[in-house]
Amino acid sequence: MHMFSQEKHFYGGHGIVAAQVPIGAGLAFADKYLENGRVTFTYFGDGAANQGQVYETYNMAELWDLPVIFVIENNQYAMGTSTKRSTKSPSYWERGAAYGIPGEEVDGMDVLAVKAAGEKAVAHCRAGKGPYILEIKTYRYRGHSMSDPAKYRTREEVQKVREERDAIEHVRELLLQGKHASEDDLKAIDKEIKEVVNEAAEFAKTSPEPDLSELWTDIYADA
Ligand SMILES: Cc1ncc(C[n+]2csc(CCOP(=O)(O)OP(=O)(O)O)c2C)c(N)n1
Ligand SMILES: [Mg+2]
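Model, not experiment: these values are computed from the prediction. (Residues numbered from 1 in each chain as written. Chains lettered and ligands numbered in written order. Predicted model: local features only at pLDDT ≥ 70, side-chain atom pairs only at ≥ 80, totals over all residues. Heavy atoms only, no water.)

Visitor: Describe the packing of aromatic side chains, listing the residues and the values that go with them.
Guide: A full pass over the atoms with the stated rule returns 10 aromatic pairs. Look at Phe29 and Trp64: their rings are 5.7 Å apart centre to centre, the planes differ by 65°, and that puts the pair in the edge-to-face class. Of the two residues, Phe29 is situated in helix α1 (residues 20-34) and Trp64 in the loop between α2 (52-63) and β2 (68-74); the sequence distance between them amounts to 35 residues. Feature note: the residues Tyr55, Tyr58, Phe70 and Tyr99 constitute an aromatic cluster, connected by ring pairs. (Phe/Tyr/Trp six-rings, centres within 6.5 Å; stacked < 30°, edge-to-face > 60°. Helix = DSSP H or I, 4+ residues; strand = E, 2+ residues; numbered from the N terminus.)

Visitor: Which residues make up the nonpolar core, and what are the values?
Guide: Ranked by internal contacts, the top residues of the largest apolar core, which has 18 residues, are Phe44, Val54, Tyr58, Phe70 and Ile72. Within the residue set of this core, elements represented by two or more residues are α1, α2 and β2. Looking at this core element by element, the count peaks at four residues for α2. (Core = buried A, V, L, I, M, F, W, Y, C linked by side-chain atoms within 4.5 Å. Buried < 20%, exposed > 50% of the residue type's maximum accessible area, 1.4 Å probe, protein only.)

Visitor: Explain the site of ligand 1 to me, and be specific about the residues and the numbers.
Guide: Lining the immediate environment of ligand 1, one finds 14 residues, of which Gly15, Gly47, Ala48, Asn75 and Tyr77 sit closest. Separating an oxygen atom of ligand 1 from a side-chain N or O atom of Asp46 is a distance of 3.2 Å. For ligand 1, the protein covers 64% of the area, taking 600 Å² as the surface of the free molecule. (Near = heavy atom within 4 Å. Polar contact = N/O pair within 3.5 Å; in protein donor to acceptor, adjacent residues only side chain to side chain. Areas by Shrake-Rupley, 256 points an atom, 1.4 Å probe, with all protein chains shown as cover.)

Visitor: If you had to explain the coordination of the magnesium ion (ligand 2) to someone new, which residues and values would you point to?
Guide: For the magnesium ion (ligand 2), every protein donor is listed as Asp46 (OD), Asn75 (OD1) and Tyr77 (O), and the spread of their distances is 2.1 to 2.3 Å. Here the donor residues for the magnesium ion (ligand 2) map to a single chain with the spacing D-x28-N-x1-Y. Note that Asp46 is positioned in the loop between β1 (40-45) and α2 and Tyr77 in the loop between β2 and α3 (83-86), a separation of 31 residues in sequence. (Donors = N, O, S within 2.8 Å, 3.2 Å for Na, K, Ca; no water.)

Visitor: Account for the environment of Thr87, with residues named and values stated.
Guide: Checked against the element boundaries, Thr87 lands in the loop between α3 and β3 (103-107). For the pair Thr87 and Ile69, spaced 18 residues apart in sequence, the C-alpha separation works out to 22 Å. With sequence-adjacent residues up to four places away left out, Thr87 is seen in contact with Asn50, Tyr92 and Arg95. In this structure the side chain of Thr87 is engaged in a polar contact, spanning 3.0 Å, whose partner is the side chain of Asn50. At 2.9 Å, the side chain of Thr87 and the side chain of Ser86 are in polar contact. (Contact = heavy atoms within 4.5 Å.)

Set out below in structure tokens:
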């Protein structure tokens, strides 16, 4: 199940790993054509970054100077293996060089670094210079799904990242040290977020199942 909101220009996720990359470039193509000044962010993982369609997209995006930012969320793991076992070149953003697309590595655990890199990439696109790649270095705490025993790493590794590099803990420290917020303010935010999530979960659980006829909505087939 994926979220989608045309009104908010949020075009969802896709069940096919990396399929969102050419779709993101397509949206950027439309924006360029319509001259509306918009920039598209298209997000994908380290696993997805080894899919062929990513590189077909890079070629076209750079050829047509599309206003698209490719955000690689490198959390070090794909479905059941680590980047170390699956990937020859450890630096994903550098692959843009083959197509003339600039990019950089960003500390994904540092909110201010991510903000600054995002702004730089948007300015690049808005200046008509074409696509940009941001490789966001982060970490995946949980397995791929309920059935992932995560045998590809140790518990100690996960614990160490939680203790030393956690992104939320980092922003918490920045806010407290800079006196932008008190412990109580942060507790109130936590409480509010829990309420929003609980309400959304309750809404999903209590909503009626779609009618069976919906199975055919927006499905087309040639006989
Ligand atoms: C084309 C395709 N192959 C395989 C899968 C199964 N699959 C779902 S997620 C996933 C791994 C994705 O890893 P990554 O891109 O690193 O994303 P992460 O879950 O770490 O954010 C795979 C192989 C799929 N959905 N689509
Ligand atoms: Mg990953």
